[in-house]
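Chain and residue survey
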Amino acid sequence: MSLQQRISALIRDVPDYPQPGVLFKDITPLLHDAAVFQAVISAIAEQAGPVDKVAGLEARGFLLAAPVALELGAGLVPVRKSGKLPSETYAETYDLEYGTATIEVHRDAFEPGDRVLIVDDVLATGGTAEAAASLVRRAGAEVHGLSVLMELTFLNGRDRFVDLPVHSLVVV
Ligand SMILES: O=P(O)(O)OC[C@H]1O[C@H](OP(=O)(O)OP(=O)(O)O)[C@H](O)[C@@H]1O
Ligand SMILES: Nc1ncnc2[nH]cnc12
């Protein structure tokens, strides 16, 4: 079985969560499987170019971004939901498949010109990743790529990133 098939078999569809009409892609079964979890981290790290920092998007993105950062020998920058970071931040508000949200990054999270890989679990509308890319740039760093475990192609999130390499391990 290919890695893509093993990943797809471990993503659970939950209808009408968190609201009616949304088919939620639950990655927890994949996280329970040590071999597939490790293979996912290695595959994301292999696709990345040389980067200085990995930006992980709260909350599910943290689960992938931290091990990817360690595998790449890069630093980890948590991009958090509003009100969770203690020091001075930049903030961006965006629309989600199921509502709106605000994310923040510490103003001093990056060195000038740091090359940054953004990592998340799901690319849906792309609103979250686009907001994160804006935060990285406002904080003085360069976005070198976006890597996700899974891309929901029917929501066309990839279209927001014309000049940026976007990698996904599985597409739905
Ligand atoms: O491409 P988009 O339409 O922006 O959607 C993708 C985002 O939605 C989910 O996060 P969510 O805000 O549900 O947060 P969570 O990780 O804390 O569950 C997912 O983890 C991505 O970050
Ligand atoms: N359908 C979905 N399943 C899981 N995470 C998501 N983030 C945005 N849309 C999602």
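Per an unreviewed UniProt entry, the chain goes by Adenine phosphoribosyltransferase and derives from Actinocorallia aurantiaca. Taken directly from UniProt, the Pathway (unreviewed entry) text for the chain runs: "Purine metabolism; AMP biosynthesis via salvage pathway; AMP from adenine: step 1/1."

1. Topic: the site of ligand 2
Neighbouring ligand 2 are the residues Val22, Leu23, Phe24, Lys25, Arg60, Glu97, Tyr98, Val122, Ala124 and Leu152. Leu23 has a polar backbone atom sitting 3.0 Å from a nitrogen atom of ligand 2. Backbone polar atom of Lys25 to a nitrogen atom of ligand 2: 2.9 Å apart, as the coordinates give it. Protein coverage of the free-state accessible area of ligand 2, which is 260 Å², stands at 95%. Its atoms largely coinciding with the cavity grid, ligand 2 occupies the largest pocket. At three residues, the largest contribution of residues to the shell around ligand 2 is made by strand E2 (residues 23–26).

2. Topic: helix H3 (residues 34–47)
Compared with the 20 Å implied by 1.5 Å per residue over 14 residues, the 20 Å span of H3 between its first and last C-alpha is a close match. Along H3, the residues classified as buried are Val36, Val40, Ile41, Ser42, Ala43, Ile44 and Ala45. Summarising the contacts, the buried residues of H3 are in contact with helix H1 (3–9), helix H2 (28–32), helix H4 (60–72), strand E8 (142–151) and strand E9 (166–171). Near the N-terminus of H3, the side chain that reaches the backbone nitrogen of Ala35, with its oxygen 3.1 Å away, is that of Asp33.

3. Let's talk about the side chain of His106
Mapped onto the secondary structure, His106 falls in strand E6 (residues 99–106). Taking the relative accessible area as the measure of exposure, His106 reaches 18% and is therefore buried. Only 3.0 Å separates the side chain of His106 from the backbone nitrogen of Ser87, close enough to count as a polar contact. In this structure His106 touches Leu85, Pro86, Ser87, Glu88 and Thr89, once residues within four positions along its chain are discounted.

Reading the values: the criteria
Residues numbered from 1 in each chain as written. Chains lettered and ligands numbered in written order. Predicted model: local features only at pLDDT ≥ 70, side-chain atom pairs only at ≥ 80, totals over all residues. Heavy atoms only, no water. UniProt positions renumbered as here; feature names shortened; annotations may be inferred. Near = heavy atom within 4 Å. Polar contact = N/O pair within 3.5 Å; in protein donor to acceptor, adjacent residues only side chain to side chain. Areas by Shrake-Rupley, 256 points an atom, 1.4 Å probe, with all protein chains shown as cover. 1 Å grid on protein atoms, 1.4 Å probe; cavity = no way out; pocket = protein on both sides within 12 Å on 5 of 7 lines; lining within 4 Å. Sits in = over half its atoms within 2 Å of the grid points. Helix = DSSP H or I, 4+ residues; strand = E, 2+ residues; numbered from the N terminus. Expected span 1.5 Å × (residues − 1). Buried < 20%, exposed > 50% of the residue type's maximum accessible area, 1.4 Å probe, protein only. Contact = heavy atoms within 4.5 Å.

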